[in-house]
Amino acid sequence: MSVKNRPGRQEMPCQAPQERVSNFNEVALGYTEEQAIIEAKRCLQCKKPKCRDGCPVEVLIPEFIQAVADGDMATAAKQLKLKNALPAVCGRVCPQESQCESKCIVGIKSEPVAIGRLERFVADWEMAKEEAEEAKVADLDTVDGDQESESSATASPKKQKVAIIGAGPAGLSCAADLARFGYDVTVFEALHVAGGVLMYGIPEFRLPKAIVEKEIDSLRKLGVNLQVNMVGGKTFTVEDLQQKGYEAVFIGTGAGLPNFMGIPGENLCGVFAANEFLTRTNLMKGYDFPNFLTPVISGRKVAVLGAGNVAMDAARTALRLGAEEVSIVYRRSEKEMPARAEEIEHAHEEGVQFKVLTNPVEIVGDEQGWVKGMNCLRYELGEPDESGRRRPVPVEGSEFFMEVDSVIVAIGQGPNPLVTQSTAGLALNRKGTIQADEEGRTSLPGVFAGGDIVTGAATVILAMGAGKKSARAIDQYLQSKQS
Amino acid sequence: MYPIVKKIIHSPAVKEFEVYAPMVAEKAKAGQFFILRVSEKAERIPLTIADYNREQGTITTIIQELGASSTLFGQMEEGDHILDFVGPLGVPSEIERYDHPVVLVGGGIGIAPIFPIARDLKEAGNEVISIIGARNKELLIWEEKMASVSDQLIVCTDDGSYGRQGFVTDALKDLYEERGQLSALWAIGPMPMMRAITNVTRPWELKTIVSMNPLMMDGTGMCGACRVQVGSETKFACVDGPEFDGHLVDFDLAIKRLSIYKDQEKRALAVLEHKGGHCGCQ
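Please read these numbers as outputs of a predicted model, since none were measured by experiment.

Some points on the overall build of chain A
And step 1. Within chain A one finds 19 helices and 16 strands.
And step 2. Referenced to the eigenvectors of the C-alpha coordinate spread, the extents of chain A come out at roughly 75 × 60 × 50 Å.
And step 3. The burial tally for chain A puts 57% of its 483 residues in the buried class.
And step 4. Across chain A, contacts joining residues at least 24 apart in sequence account for 69% of those joining residues at least 6 apart.
And step 5. Counting only carbon and sulfur atoms, one obtains 49% of the accessible surface of chain A, whose full area is about 20300 Å².
And step 6. Charge-centre separation for chain A: the mean point of 54 positive side chains lies 5 Å from the mean point of 66 negative side chains.

As structure tokens, this is what we get:
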């Protein structure tokens, strides 16, 4: 079949915008099996697949897609999980358009194969199957031979002890690979649940928490030990871990510290870091207040500062919490927005307003100390800056007042300082991130790091890729240590 | 899960708990705090460490039932288990040997977290003068414990039902007149009390440290809810504090920020009380 005659890319079924803005259920509903097979058959099965080069965790893309095209979902799932510990998550939150799908040959003349949607389909298919099987086992309530052999496999003597600090995407993907290599892996998490940004940051309507929990359960089944309520740098230090016999430590503590703009009025009531707003909503389930006791305030007229994925998440969350008017306020134009294309599109569909080429210079409060608006400037785009994007330049005399009663700041996060400050001899970069090589080796022997704590705030998949590379480096390190 | 090993009811809304949390007790230091979540649906609440016992693996705290989550905690009994308990968080108090006396001011349940700071300062060889105060005799806690770590203890009640009548600020002014040279002061209590203390000590140029207890969620620097304006800087109480130079803290803003979720908190408390049937409406 020539490229010309191939069917177009299968559309993702979604909840209708007017319906979904009043609920927290997942927006994208996932392919049907029929759609998945049609889409998989669009893949050219290139001999030298470029898509794989675009994937930070090196997923066997043509292989798993071939299995889908053959209708062999079990094989597809196996192929996927070989490289990706969290496929149901990645299928939902990866910026595929700038990674695997950007390299797809089909995409040159037509739309690229929907690799992300297929990944999600396969991962969800497997979860559904496992659920059905678990229900069956529970029904039978007997121990069969199969189960026994499985438990004896996991009981085989493990190699050295490895500690992972932070149960976010970097730590979890590192832990999964190390467990597969046979190490005795323990992940220490500061919050009361594992998952990091997948649990506290990304909203339910984009990444259902039940999905994240199931992915994490499958890590437990791999033999990964998870300990919550353990704050690296406070409850324990890297040195404590080494003394307790952990022969390698991976630091994946992420970009925790929210940035603010440094303009007057930022501490007024009604100005929230996106992290606070999203954590209250997602992790603490503030959308179900007062059934859950953590409150969250959306405001009526909301300005979200920033235009990354976190900003889109915050804006769409505010709408769902009942805000009347929500605006993304961004000093560049829509073209420069760092968010995934799909998130921007969904935000548009749901009625989020985009006030581009606009930036506040001051947040203004009322007598009670609550936000009543922002003094803003308009911008135009000048010459490209070091990031390659056109630099926004303020327009003289363009100052105007924007009336809002809530401001959500989503302009990025800095590295979390708790572990870095408590680890003597760990070399840091100027901005407080950890100095590490491509494989995550730090200035301290046996101490590795990856994800946002090394790169500064980036994406889930890049953090997972870093965790994966570090797992390999840790394996090498521990093998050479033994010999 | 973290079992409650001891509960003491000081007054209907003021309760002391000793909780088994050996990892936290192992590292706890004066001036630090921890966060607990009593059950699945409750908030994460930050509480200052009032005492710790490394051998027994326990942390002691005193709470006042104000919101829904602290009320839920207050209703727990010995043998009950707290779902999540994490810490120690924040920067410990800086303990050093000073030339002149140091003053510890504790108001209400703020007396509890001032205790381990007083103890450490005393152990470091300082002359420790403590001023503790409460609205009335019933609400006064830990007088004996404070006496055991102080060279001089002044007790005040607003209504004069015990000790000297008046505010801790009055006692502090008298002390300053009497002693003159003081090296440093720690004040922990309700925000208006800490603000009043800093206003008293500002003209004396006396180093005055306050412990901020703002809204907080993760306690690790992630959410930014605990922002405190300190001089020209924005600080996070959870990772930069909770102790700050009281003369630089913008208390007016801090007090306003405490009330951000006031309406929701009332609603949550009302729902909780209805569930408990205390309101008699069911």
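After that view of the structure, there is still more to cover.
Some remarks on a nonpolar patch on the surface
And step 1. Judged by side-chain polarity, Leu-44, Ile-105 and Ile-108 of chain A come together as a nonpolar surface patch covering roughly 260 Å² of accessible area.
And step 2. The class for Leu-44 of chain A is partly exposed, based on a relative accessible area of 30%.

Describing the UniProt feature "binding site: [2Fe-2S] cluster" (unreviewed entry) in chain B
All names here are of chain B.
And step 1. Mapped onto this structure's residue numbering, the UniProt feature "binding site: [2Fe-2S] cluster" (unreviewed entry) falls at Cys-223, Cys-226 and Cys-238. These residues run over 16 residues, yet every pair of their C-alpha atoms falls within 9.9 Å of each other.
And step 2. With respect to the secondary-structure elements, Cys-226 resides in the loop between strand 14 (207–211) and strand 15 (227–230).
And step 3. The buried category is assigned to Cys-226, whose relative accessible area is 2%.
And step 4. Residue position: Cys-238 is located in helix 7 (residues 237–240).
And step 5. Residues in contact with Cys-238, not counting those within four places in the same chain, are Phe-33, Gly-90, Met-216, Gly-219, Thr-220, Gly-221 and Cys-226.

Overview of the UniProt feature "domain: FAD-binding FR-type" (unreviewed entry) in chain B
And step 1. Per the UniProt annotation, the sites labelled "domain: FAD-binding FR-type" (unreviewed entry) are residues 1–95 of chain B.
And step 2. Note that residues 1–95 of chain B is 14% helix and 46% strand, and that its end C-alpha atoms are spaced 33 Å apart.

Here's the deal with the interface of chain B and chain A
And step 1. Contacts between the two partners involve 44 residues from chain B, matched on the other side by 44 residues from chain A.
And step 2. Summing both sides of the interface, chain B and chain A together bury roughly 3900 Å²; the carbon and sulfur share of this comes to 62%.
And step 3. Of all residues in chain B, Lys-41, Met-222 and Tyr-261 of chain B give up the largest surface area on contact with chain A, accounting jointly for 18% of the area buried on that side.
And step 4. At the surface where chain B touches chain A, the tally comes to 1 salt bridge.
And step 5. Across the pair Lys-27 of chain B and Asp-240 of chain A runs a salt bridge, and its minimum N-O distance is 2.5 Å.
And step 6. Where chain B packs against chain A, one counts 20 residue pairs in polar contact (both at pLDDT 80 or more).
And step 7. Every element with two or more residues in the side of chain B that touches chain A is listed here: helix 1 (22–27), helix 2 (68–74), strand 8 (84–89), strand 15, strand 16 (233–236), helix 8 (251–258) and helix 9 (262–276) of chain B.
And step 8. It is strand 8 of chain B that provides the largest number of residues to the side of chain B that touches chain A, a total of 6 residues.

A word on the sheet that holds strand 2 (residues 14–20) of chain B
All names here are of chain B.
And step 1. Taken in spatial order, the 5 strands make up an open sheet running 5-6-2-1-7, and their pairing is antiparallel. A strand with exactly one partner marks an edge of an open sheet, and here the two such strands are strand 5 (51–53) and strand 7 (81–82).
And step 2. Both strand 1 (residues 2–11) and strand 2 contribute to a ladder of 6 bridges, which runs antiparallel. Paired with Ile-8 across the bridge in strand 2 is Glu-16.

Overview of the packing of helix 4 (residues 61–69) of chain A against helix 5 (residues 73–83) of chain A
Residues and elements named next belong to chain A.
And step 1. One way to put it is that helix 4 packs onto helix 5 with a least axis distance of 7 Å and a crossing angle of 170°. With respect to helix 5, the axis of helix 4 lies roughly antiparallel. In this structure, helix 4 contributes Glu-63, Phe-64, Ala-67 and Val-68 to the contact, and helix 5 contributes Met-73, Thr-75, Ala-76, Gln-79 and Leu-80.
And step 2. The residue makeup of the contact of helix 4 with helix 5, split by class, is 6 nonpolar, 2 polar and 1 charged.

Some words on the domain arrangement of chain B
All names here are of chain B.
And step 1. According to the domain assignment, chain B consists of domain 1 (2–90 + 265–274) and domain 2 (102–211).
And step 2. Its C-alpha centre places domain 1 at a distance of 24 Å from the equivalent point of domain 2.
And step 3. Taken together, the contact between domain 1 and domain 2 spans 16 residues of the former and 13 residues of the latter.
And step 4. Both sides of the domain 1 and domain 2 interface together cover about 1200 Å² of buried area, and 62% of this is carbon and sulfur.
And step 5. Summed over the shared surface of domain 1 and domain 2, the result is 2 salt bridges.
And step 6. Put simply, Asp-51 and Lys-145 hold a salt bridge, and the shortest N to O gap is 3.0 Å.

Overview of empty space enclosed by the protein
All names here are of chain A.
And step 1. Inspection of the entire model under this criterion finds 6 cavities of 30 Å³ or more.
And step 2. Lining the largest cavity we find 16 residues, and of these Cys-43, Cys-46, Cys-51, Cys-104 and Ile-105 sit closest to its centre.
And step 3. At the level of elements, helix 3 (50–53) and helix 4 are the ones that each hand at least two residues to the lining of the largest cavity.
And step 4. Element by element, the count of residues in the lining of the largest cavity is highest for helix 4, at 3 residues.
And step 5. Considered class by class, the residues forming the lining of the largest cavity number 13 nonpolar, 1 polar and 2 charged.
And step 6. Taken as a whole, the second largest cavity spans an internal volume of roughly 110 Å³.
And step 7. What lines the second largest cavity is a set of 16 residues, among which Cys-55, Val-59, Cys-94, Cys-100 and Glu-119 lie closest to the centre.
And step 8. Listing elements by their share of the lining of the second largest cavity, those giving two or more residues are helix 4 and helix 8 (115–140).
And step 9. Here the lining of the second largest cavity is built from residues that sort into 11 nonpolar, 4 polar and 1 charged.

A closer look at the sheet that holds strand 17 (residues 243–245) of chain B
Residue and element names in this part refer to chain B.
And step 1. Taken together, the 7 strands give an open sheet; going across it, the order is 12-11-10-9-13-14-17, and neighbouring strands pair in mixed fashion. Only two strands of the sheet have a single partner each, and these edge strands are strand 12 (164–165) and strand 17.
And step 2. Pairing of strand 9 (residues 102–107) with strand 13 (residues 184–188) involves 5 bridges; the strand directions are parallel. Bridge assignment links Gly-106 to a residue of strand 13, and that residue is Ile-188.
And step 3. Docked against the sheet, helix 5 (residues 168–179) engages strand 9, strand 10 (128–134), strand 11 (152–157), strand 12 and strand 13, running at close to 155° with respect to strand 10.
And step 4. On the sheet, helix 6 (residues 191–201) packs against strand 9, strand 13 and strand 14 and is oriented at approximately 160° with respect to strand 13.

Some remarks on the pairing of strand 2 (residues 184–188) of chain A
Residues and elements named next belong to chain A.
And step 1. For strand 2, a buried count of 4 out of 5 residues is recorded, marking the element as mostly surrounded by other parts of the structure.
And step 2. As paired strands, strand 1 (residues 161–165) and strand 2 are joined by 5 bridges and run parallel to one another. By the bridge assignment, Ala-163 is partnered in strand 2 with Thr-186.
And step 3. Between the parallel elements strand 1 and strand 2, the chain passes through helix 10 (residues 169–180) in a crossover that is right-handed.
And step 4. In the sheet, strand 2 pairs with strand 3 (residues 225–227) via 3 bridges, with the strands oriented parallel. Bridge pairing links Phe-188 to Gln-227 in strand 3.

Looking at the nonpolar core
And step 1. One finds Ile-61, Phe-64, Ile-65, Val-68, Leu-118, Leu-178 and Ile-474 of chain A to be the most contacted residues of the largest nonpolar core, which totals 78 residues.
And step 2. For this core, the element with the most residues is helix 19 (residues 460–482) of chain A, which contributes 8 residues.
And step 3. Discounting residues that sit within four places of it in the chain, Val-68 of chain A has contacts with Ala-36, Ile-37, Ala-40, Met-73, Ala-76, Leu-118 and Val-122 of chain A.
And step 4. Counting 57 residues, the second-largest nonpolar core is a separate cluster that includes Ile-263 and Cys-376 of chain A together with Ile-129 and Trp-204 of chain B.

Let's talk about the side chain of Glu-189 of chain A
And step 1. Take Glu-189 of chain A: it is sitting in the loop between strand 2 and helix 11 (197–200).
And step 2. Buried Glu-189 of chain A, no salt bridge; nearest opposite-charge side chain is Arg-44 of chain B, N-O distance 7.6 Å.
And step 3. Looking at Glu-189 of chain A, its side chain comes within polar contact range of the main-chain nitrogen of Ala-167 of chain A, at 2.9 Å.
And step 4. Beyond its immediate chain neighbours, meaning those up to four positions away, Glu-189 of chain A contacts Gly-166, Ala-167, Gly-168, Ala-194, Gln-227, Val-228, Asn-229 and Met-230 of chain A.

Quick notes on the rules
Residues numbered from 1 in each chain as written. Chains lettered and ligands numbered in written order. Predicted model: local features only at pLDDT ≥ 70, side-chain atom pairs only at ≥ 80, totals over all residues. Heavy atoms only, no water. Helix = DSSP H or I, 4+ residues; strand = E, 2+ residues; numbered from the N terminus. Buried < 20%, exposed > 50% of the residue type's maximum accessible area, 1.4 Å probe, protein only. Contact = heavy atoms within 4.5 Å. Areas by Shrake-Rupley, 256 points an atom, 1.4 Å probe, with all protein chains shown as cover. Lys, Arg positive; Asp, Glu negative; His and termini not counted. Charge placed at Lys NZ, Arg CZ, Asp CG, Glu CD. Patch = residues over 30% accessible without salt bridge, like charges linked within 9 Å, V, L, I, M, F, W, Y side chains within 5 Å. Salt bridge = Lys/Arg side-chain N within 4 Å of Asp/Glu carboxyl O. UniProt positions renumbered as here; feature names shortened; annotations may be inferred. Buried area = accessible area lost by both parts, 1.4 Å probe. Polar contact = N/O pair within 3.5 Å; in protein donor to acceptor, adjacent residues only side chain to side chain. Pairing = 2+ DSSP bridges. Axes fitted to C-alpha atoms, helices over the stretch in contact; angles between N-to-C directions. Parallel < 35°, antiparallel > 145°, perpendicular 65-115°, else oblique. Nonpolar A, V, L, I, M, F, W, Y, C, P; charged D, E, K, R; others polar. Domains from an automatic or database assignment. 1 Å grid on protein atoms, 1.4 Å probe; cavity = no way out; pocket = protein on both sides within 12 Å on 5 of 7 lines; lining within 4 Å. Points joined across faces, edges and corners; volume = space filled by probe spheres on them. Right-handed = clockwise from strand over helix to strand, strands pointing away. Core = buried A, V, L, I, M, F, W, Y, C linked by side-chain atoms within 4.5 Å.

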